[in-house]
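A closer look at the structure
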Amino acid sequence: MPWCPKCGAEFRAGLTECSTCHVALVQHPAESSIDEPVDMEKPVAVYVAKNRLEAEMVCDMLRGQGIAVFNRPAAFRQIQAYSGADARFGVEVLVDAAQTARARALIDETNRELEQAPLAEEELARLAEEQALEASEQPAGDSASFRLLPVVIGVIAAALVLLYFVSARM
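As a starting point, this report considers the structure included with it.

What counts, and where the lines are drawn
- Residues numbered from 1 in each chain as written.
- Predicted model: local features only at pLDDT ≥ 70, side-chain atom pairs only at ≥ 80, totals over all residues.
- Heavy atoms only, no water.
- Salt bridge = Lys/Arg side-chain N within 4 Å of Asp/Glu carboxyl O.
- Helix = DSSP H or I, 4+ residues; strand = E, 2+ residues; numbered from the N terminus.
- Buried < 20%, exposed > 50% of the residue type's maximum accessible area, 1.4 Å probe, protein only.
- Phe/Tyr/Trp six-rings, centres within 6.5 Å; stacked < 30°, edge-to-face > 60°.
- Contact = heavy atoms within 4.5 Å.
- Core = buried A, V, L, I, M, F, W, Y, C linked by side-chain atoms within 4.5 Å.
- Patch = residues over 30% accessible without salt bridge, like charges linked within 9 Å, V, L, I, M, F, W, Y side chains within 5 Å.
- Areas by Shrake-Rupley, 256 points an atom, 1.4 Å probe, with all protein chains shown as cover.

1. Section: the pattern of salt bridges
Scanning the entire structure with this criterion turns up 2 salt bridges. Notably, a salt bridge pairs glutamate 123 with arginine 126, separated by 2.5 Å at the nearest N-O pair. Taken together, the residues glutamate 123 and arginine 126, both in helix α4 (residues 121-134) and 3 residues apart, mark about one turn of the helix. By relative accessible area, which is 37% here, arginine 126 ends up partly exposed.

2. Looking at the packing of aromatic side chains
On inspection of all chains with the given rule, the structure shows 1 aromatic pair. Taking 5.5 Å as the distance between ring centres and 65° as the angle between the ring planes, the aromatic pair formed by tyrosine 164 and phenylalanine 165 counts as edge-to-face. Judged by relative accessible area, which is 54%, tyrosine 164 ranks as exposed.

3. Topic: the side chain of glutamate 56
By the element assignment, glutamate 56 lies in helix α1 (residues 52-64). We classify glutamate 56 as buried; its relative accessible area is 14%. If we skip the residues at most four places from it in the chain, glutamate 56 touches Thr20 and Asn71.

4. What to know about the nonpolar core
By size, the foremost hydrophobic cluster in this structure holds 16 residues, and its most contacted members are Val46, Tyr47, Leu62, Val93, Val95 and Ile107. Contributions of two or more residues to this core are made by β1 (43-49), α1, β3 (91-96) and α3 (100-116). Top contributing element to this core by residue count: α1, with 5 residues. Residue contacts for valine 46: discarding those within four places in its chain leaves Val93, Val95, Thr100, Ala103, Arg104 and Ile107. With 6 residues, the next largest nonpolar core counts Cys4, Cys7, Phe11 and Leu25 among its residues.

5. Some details on a nonpolar patch on the surface
Taken together, the side chains of Leu148, Val151, Val152, Val155, Ile156, Leu160 and Leu163 define a hydrophobic patch exposed on the protein surface, amounting to about 660 Å² of accessible area. Considering the arrangement of structural elements, one finds valine 151 in helix α5 (residues 144-169). You can call valine 151 exposed: its relative accessible area is 51%.

Remember, this is a structural readout, not a statement about activity or role.
Given below as structure tokens:
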């Protein structure tokens, strides 16, 4: 499977260029840490997106303005503390510390423009389709609530049986 040497994303066989970074893919992941991009001296989170699609839109906009950008899943507590967003899908957008003020100004300007003229349904659908095509298939994992379901059912059943016997003796 090909990998992006810049952002570390894995792609399906047959693709030759990273759709995010627009660099040639390599056959093996880079040995360096994905958390510290090589073109940034000190990465700083300038935005926490609610999902990967929003993060990619922000990253594309910043790249279009000549700002090196990187995104990664955000930490659970950080998302809860700053945005109240759904922590399972939060994505941090990082830029070099020297570009922080410019990046935040561009993000704020873009958000104001979107509030005044929201994206059309067709554009949102196109962006969602692009993201779905780029996403690698991941097996659905068992959630904790489904693993606890038999225990909860057992406790409820035991309580009902106990209630039956107690009420029968009265």
